[in-house]
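What follows is each chain in one-letter form.
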Amino acid sequence: MKTVVSGIRPTGMLHLGNYFGALKNFVKMQDSFKCFFFIADVHSLTTHPTPNNLQQSVKHVLAEYLALGLDPEKSTIFIQSDLPEVYELYTYMNMNAYLGELERNTTFKEKIRNQPDNINAGLLTYPVLMAVDILIHKADLVPVGKDQEQHLEMTRQFGKRFNRLYENDFFPAPKAFNFGEDLVKVPGLTGQGKMSKSSGEADTIFIFDDPSILKKKIMRAKTDGGPDKPNQKMSPEIANLFDLMNLVSEKSTVEKFREDYNKMTIRYGDFKKQLAEDMEKFVYPLRTQISDILGNTDYLAKVAEIGKEKAKASAQKTIKEVREIIGIKSFN
Ligand code: ADP
Ligand code: TRP
């Protein structure tokens, strides 16, 4: 059976991009694969070195995982920092990750633009730590959104290099996975780029957003002056709103507004109102389940404990073999 690994950083609440790019597939993959899903708290320190309350954020994401359908009986659900084996493999893998390739990584370049005062070494070696998360369970498949494609390429590169260096075929070559479809990119509301936890309140729809906030965000989304000829190509702002509608509305609703657009009869106010309504209908049950589970601290602690034990068994096996391959052995 193929092994699956994926994780999300607890730098804020989960948003629609996280859901459609990653979590939705986590849930769907549980029945057919051996799955490891974790919360990447160590990774979050690369951008948020002094988090307000890291434990609270981890707990929130764990509650979101469970509320949105991850099942601790089917999957191993754990917290990255519960596996010190990850730190050990990260040290070894850092010895064969090269400065040039790390500096060329687009996410690194983007992040150093966003945080010029904190260009730390952890940010540079972020892809190594991510590769370790994946390789330590010898994963084959990694459900992620489009923005993570390059990290997966680097993961394969690091795994392959280890195999070549130590003359074995220890690590498999993991692939980004979306059930044979292209990887997903959910746009932000401002039309600037992908929806993300850090792209600003106005840009991002959090699954846990209050209904009034959610409505306000959508009604405030930027539009254009309207089409001035039939079947006109859409501006990025309008195309993004249609992309979002595609995710949560009935096909017939999307079609109706598309036709209105093409015939130049669309009223953006009505269009956004419908989008806000359908969005609320979509997130309402999810939001309610998150609230319910968040209150159940004992259950959350139990899930994390069980996940830790299962993930540890898998990580320890890999570390033991890696030490042997490298030649780290005791005298007796
Ligand atoms: P963020 O970008 O909000 O900080 P993460 O980087 O922690 O979120 O991403 C966690 C997962 O969610 C990754 O698999 C990532 O590809 C996916 N993801 C995040 N934003 C989007 C998006 N806008 N569209 C598709 N997938 C996304
Ligand atoms: N880099 C991923 C992101 O920002 C999070 C992540 C860390 C991850 N380790 C991983 C995703 C391993 C998949 C597998 O979205």
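Residues numbered from 1 in each chain as written. Chains lettered and ligands numbered in written order. Predicted model: local features only at pLDDT ≥ 70, side-chain atom pairs only at ≥ 80, totals over all residues. Heavy atoms only, no water.

A few points about unusual backbone geometry
For step 1, the next point in the chain: Phi at Glu-167 takes a positive value of approximately 50°, unusual for a residue other than glycine.
For step 2, the next point in the chain: Within the secondary structure, Glu-167 is located in the loop between helix H9 (149-165) and strand E5 (175-176).
For step 3, the next point in the chain: Relative accessible area serves as the criterion here: at 73%, Glu-167 is assigned to the exposed category.
For step 4, the next point in the chain: In this structure, Phe-179 is a non-glycine residue whose phi angle is positive, near 50°.
For step 5, the next point in the chain: For Phe-179, the position within the fold is in the loop between E5 and helix H10 (211-219). (Helix = DSSP H or I, 4+ residues; strand = E, 2+ residues; numbered from the N terminus. Buried < 20%, exposed > 50% of the residue type's maximum accessible area, 1.4 Å probe, protein only.)

A look at the pairing of strand E1 (residues 3-8)
For step 1, the next point in the chain: For E1, the tally of buried residues reaches five of six residues, placing the bulk of the element in the interior.
For step 2, the next point in the chain: Looking at chain direction, E1 and strand E2 (residues 34-39) are connected through six bridges and run parallel. Across the sheet, Val-4 pairs through a bridge with Cys-35, a residue of E2.
For step 3, the next point in the chain: Tracing the backbone out of E1, into helix H1 (residues 16-29) and back to the parallel element E2 gives a crossover that is right-handed. (Pairing = 2+ DSSP bridges. Right-handed = clockwise from strand over helix to strand, strands pointing away.)

Brief notes about the domain arrangement of the chain
For step 1, the next point in the chain: Along its sequence, the chain is organised into domain 1 (3-185 + 296-326) and domain 2 (197-291).
For step 2, the next point in the chain: Summarising the inter-unit geometry, the C-alpha centres of domain 1 and domain 2 are found 31 Å apart.
For step 3, the next point in the chain: Contacts between the two partners involve 15 residues from domain 1, matched on the other side by 13 residues from domain 2.
For step 4, the next point in the chain: Across the domain 1/domain 2 interface, buried area totals approximately 1,400 Å², and carbon plus sulfur atoms make up 76% of it.
For step 5, the next point in the chain: The tally of links from domain 1 across to domain 2 stands at zero salt bridges.
For step 6, the next point in the chain: Across the contact surface, domain 1 and domain 2 share three residue pairs in polar contact (both at pLDDT 80 or more).
For step 7, the next point in the chain: Counting residues per element, the side of domain 1 that touches domain 2 draws most heavily on H1, at four residues.
For step 8, the next point in the chain: Tallied by class, the residues present in the side of domain 1 that touches domain 2 amount to eight nonpolar, five polar and two charged. (Domains from an automatic or database assignment. Contact = heavy atoms within 4.5 Å. Buried area = accessible area lost by both parts, 1.4 Å probe. Salt bridge = Lys/Arg side-chain N within 4 Å of Asp/Glu carboxyl O. Polar contact = N/O pair within 3.5 Å; in protein donor to acceptor, adjacent residues only side chain to side chain. Nonpolar A, V, L, I, M, F, W, Y, C, P; charged D, E, K, R; others polar.)

Some words on the site of ligand 1
For step 1, the next point in the chain: Within the structure, ligand 1 sits among 18 residues, and His-15, Asp-147, Val-186, Lys-194 and Lys-197 are positioned closest to it.
For step 2, the next point in the chain: Within the side chain of Asp-147, one N or O atom sits 2.6 Å away from an oxygen atom of ligand 1.
For step 3, the next point in the chain: One of the backbone nitrogen or oxygen atoms of Met-195 is found 2.8 Å away from a nitrogen atom of ligand 1.
For step 4, the next point in the chain: Here ligand 1, which alone exposes 530 Å², has 96% of that area covered by the protein.
For step 5, the next point in the chain: No other element matches the four residues that H1 contributes to the shell around ligand 1. (Near = heavy atom within 4 Å. Areas by Shrake-Rupley, 256 points an atom, 1.4 Å probe, with all protein chains shown as cover.)

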